[in-house]
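Results of the structural survey
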Amino acid sequence: MTVKVVVVGQGYVGLPLALAAAESGHHVVGFDTDTARVEGLNSGKSPIGDISDNYLAAQSLFYRASSDLADLADADVVILCLPTPLDESRNPDTSILIEGAKAVAPHLVKSALIINESTVSPGFTRDLLAPIFAGHDLAYSPERIDPANKNWNVKNTPKLVAGITESARARAVDFYSTFIASVTSYSSVEVVETAKLLENSFRLVNISFINEIADFCSKMKIDVREVIAAASTKPYGFMPFFPSSGIGGHCIPVDPTYLAAKAREIGASTRFIDLANEVNLSRPSYFVGVATGMLGSLSSKKVIVIGVAYKPDVADVRETPADALISLLRSAGADVVWHDHLVGQWKGEASAALSAGYDLAILVNPHTGADLDALGSIPILDTRGGY
Ligand SMILES: NC(=O)c1ccc[n+]([C@@H]2O[C@H](COP(=O)([O-])OP(=O)(O)OC[C@H]3O[C@@H](n4cnc5c(N)ncnc54)[C@H](O)[C@@H]3O)[C@@H](O)[C@H]2O)c1
């Protein structure tokens, strides 16, 4: 079975999904309102690290990008992969998803199956998207993509599916099963919406927990990485998490707040998420304190922050803890530059070369192969557990 698919949003989630569907023979349009991105895609330039230009070119028989709503008219399957960030007050901001859904809905044929892959609060698909797509089959299937992961990708990561109707569930399972190895369906969209948020809340809580343990180990003058290695020898009941200057990216620091917001709405508590958010957001200021302790004062000290992307080997700076860290270091009087060859340009500044000409280097998320030897013998604050 091959069908015409339109994937709305060609970012970190939508582009790999669209290309995986095209690879299996579906006729895919990657719809995006960013015309520069669309032009780039159609001329063979991938905007994301996980998709090579060669792989993009190899799908050109069955894939093209478009900003033209007319391309939705004969779609059999429409998949929403739009951003669901937090607003400036750190509350869920679903306006892009709602507006995007409203823009595409009038252009669809009644038989089109709509699948939402954007992360949402439990109840959102039924309460807010179903009215926009009234009369259509509507399903929810969260994306679990882990950028830069060499082992797990769209095709081999198990897919969760649920439908507002039985027909939507069955059609979504059939569609995904044409190119994804494991597809399982559940009794309601709320179960699957909550499962996605549980996965990411689990990571937020545990990473925040290990960060607190790392600070404890630092005060104990023991190496938290050795402690984690020792605990990891337990063959059951333990899973390692690793310290950092804070969690970034579009998922882990964001999605749990979608769960917490729903909890507040229905009078349930999410104290673990609230505390984990607090611990996570306090990491940059904690490390400004450590840096001050190392140098005495930060005033006029030359500091280089290394690896400003939210994790190694990606160029994505969304929610990166490096942002707050650099601001706080500058507020304390330090003269700060940053190095990240994958990010290159960020907030009007360019990546600085690694050298020994600094009073302190702070390792946030150095990429694989970063030449840390170039730092010579300057003091290094390794926020990943080496402090
Ligand atoms: N990035 C991840 O690792 C990841 C993993 C799992 C789930 N998710 C979830 O997937 C969703 C999408 O995230 P992402 O990281 O792919 O976002 P992204 O910002 O990388 O991509 C979104 C794309 O949508 C486009 N867009 C915005 N408004 C549009 C509109 N009205 N019509 C068409 N295109 C429009 C943007 O131009 C952009 O190219 C979010 O809900 C996110 O939480 C992300």
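Basis of the calculations
- Residues numbered from 1 in each chain as written.
- Predicted model: local features only at pLDDT ≥ 70, side-chain atom pairs only at ≥ 80, totals over all residues.
- Heavy atoms only, no water.
- Helix = DSSP H or I, 4+ residues; strand = E, 2+ residues; numbered from the N terminus.
- Buried < 20%, exposed > 50% of the residue type's maximum accessible area, 1.4 Å probe, protein only.
- Contact = heavy atoms within 4.5 Å.
- Areas by Shrake-Rupley, 256 points an atom, 1.4 Å probe, with all protein chains shown as cover.
- Lys, Arg positive; Asp, Glu negative; His and termini not counted.
- Charge placed at Lys NZ, Arg CZ, Asp CG, Glu CD.
- Core = buried A, V, L, I, M, F, W, Y, C linked by side-chain atoms within 4.5 Å.
- Salt bridge = Lys/Arg side-chain N within 4 Å of Asp/Glu carboxyl O.
- Domains from an automatic or database assignment.
- Buried area = accessible area lost by both parts, 1.4 Å probe.
- 1 Å grid on protein atoms, 1.4 Å probe; cavity = no way out; pocket = protein on both sides within 12 Å on 5 of 7 lines; lining within 4 Å.
- Points joined across faces, edges and corners; volume = space filled by probe spheres on them.
- Nonpolar A, V, L, I, M, F, W, Y, C, P; charged D, E, K, R; others polar.
- Expected span 1.5 Å × (residues − 1).
- Bend = angle between axes of the 7 residues up to and from the residue.

Turning our attention to the overall build of the chain. The helix and strand inventory of the chain stands at 11 helices and 14 strands. If one aligns the C-alpha atoms of the chain with their principal axes, the spans along those axes are about 70 × 50 × 40 Å. Within the chain, the fraction of its 387 residues that count as buried is 48%. Considering only contacts in the chain between residues 6 or more positions apart, those separated by 24 or more positions represent 71%. Roughly 17300 Å² of accessible area belongs to the chain as shown, and the carbon and sulfur atoms make up 57% of that amount. In the chain, which carries 31 positive and 43 negative side-chain charges, the distance between the mean positions of the two groups comes to 3 Å.

Once that is clear, we can look at the environment of Pro253. As for its position among the elements, Pro253 is in the loop between α8 (224-231) and α9 (255-266). When its relative accessible area of 3% is taken as the criterion, Pro253 is described as buried. In contact with Pro253, other than residues within four places in its own chain, are Leu86, Arg90, Ile247, Gly248, Asn277, Asn280 and Glu319.

Following the sequence through the fold, Ala57 ends up in helix α3 (residues 53-58). Counting along the chain gives 13 residues from Ala57 to Gly44, while the straight-line C-alpha distance between them is 5.7 Å.

Of all hydrophobic cores here, the largest spans 34 residues; its most connected members are Tyr63, Ile79, Ile115, Phe175, Tyr176 and Phe179. Mapped onto this core, the elements with two or more residues apiece are β1 (4-8), α1 (14-23), α2 (35-42), β3 (63-66), β4 (77-80), β5 (113-116) and α6 (166-176). Ignoring sequence-local partners within four residues, the contact set of Tyr176 consists of Leu17, Ile79, Ile115, Glu117, Ser141, Lys159, Val161 and Val183. Counting 27 residues, the second-largest nonpolar core is a separate cluster that includes Val29, Ala75, Phe124 and Phe133.

Pairing between side chains of opposite charge can happen when their charged atoms approach one another. The final tally for this structure, using the stated rule, is 19 salt bridges. Lys159 is paired through a salt bridge with Glu143; the nearest N and O atoms lie 3.9 Å apart. Linking Lys159 in strand β7 (residues 159-163) with Glu143 in the loop between β6 (137-140) and β7, this pair joins segments that are 16 residues apart in sequence. Residue classification places Lys159 among the buried positions, given a relative accessible area of 5%. Given the relative accessible area of 9%, Glu143 is considered buried. Across the pair Arg330 and Glu349 runs a salt bridge whose closest N-O atoms are separated by 3.1 Å. Placement of the pair is Arg330 in helix α11 (residues 321-331) and Glu349 in strand β12 (residues 349-350), with a sequence separation of 19 residues. On the basis of relative accessible area, Arg330 is assigned to the partly exposed category, the value being 34%.

Here the focus is the domain arrangement of the chain. What the domain assignment reports for the chain is domain 1 (4-187) and domain 2 (200-382). Placing a centre on the C-alpha atoms of domain 1 and another on those of domain 2 gives a separation of 31 Å. Contacts between domain 1 and domain 2 engage 17 residues on the former and 19 residues on the latter. Carbon and sulfur atoms supply 57% of the area that domain 1 and domain 2 bury against each other, a total of about 1400 Å² over both sides.

Turning to the layout of surface pockets, a few remarks are in order. By volume, the second largest pocket amounts to about 500 Å³. Lining of the second largest pocket is provided by 23 residues; of these, Gly49, Asp50, Ile51, Ala148 and Asn149 occupy positions nearest its centre. Residues of the lining of the second largest pocket, tallied by class, amount to 15 nonpolar, three polar and five charged. Counting residues domain by domain, the lining of the second largest pocket receives three or more from each of domain 1 (4-187) and domain 2 (200-382).

In a regular helix each residue adds 1.5 Å, so 25 residues correspond to 36 Å; helix α10 (residues 271-295) covers 36 Å between its end C-alpha atoms and thus fits that length. If you look at α10, its biggest bend is around 40°, right at Arg283, and the proline Pro284 turns up within four residues after that. Burial in α10 covers these residues: Ile273, Ala276, Asn277, Val279, Asn280, Arg283, Pro284, Phe287, Val288, Val290, Ala291 and Leu295. The inward-facing, buried residues of α10 contact α7 (189-220), α9, α11, β13 (360-363) and β14 (380-382).

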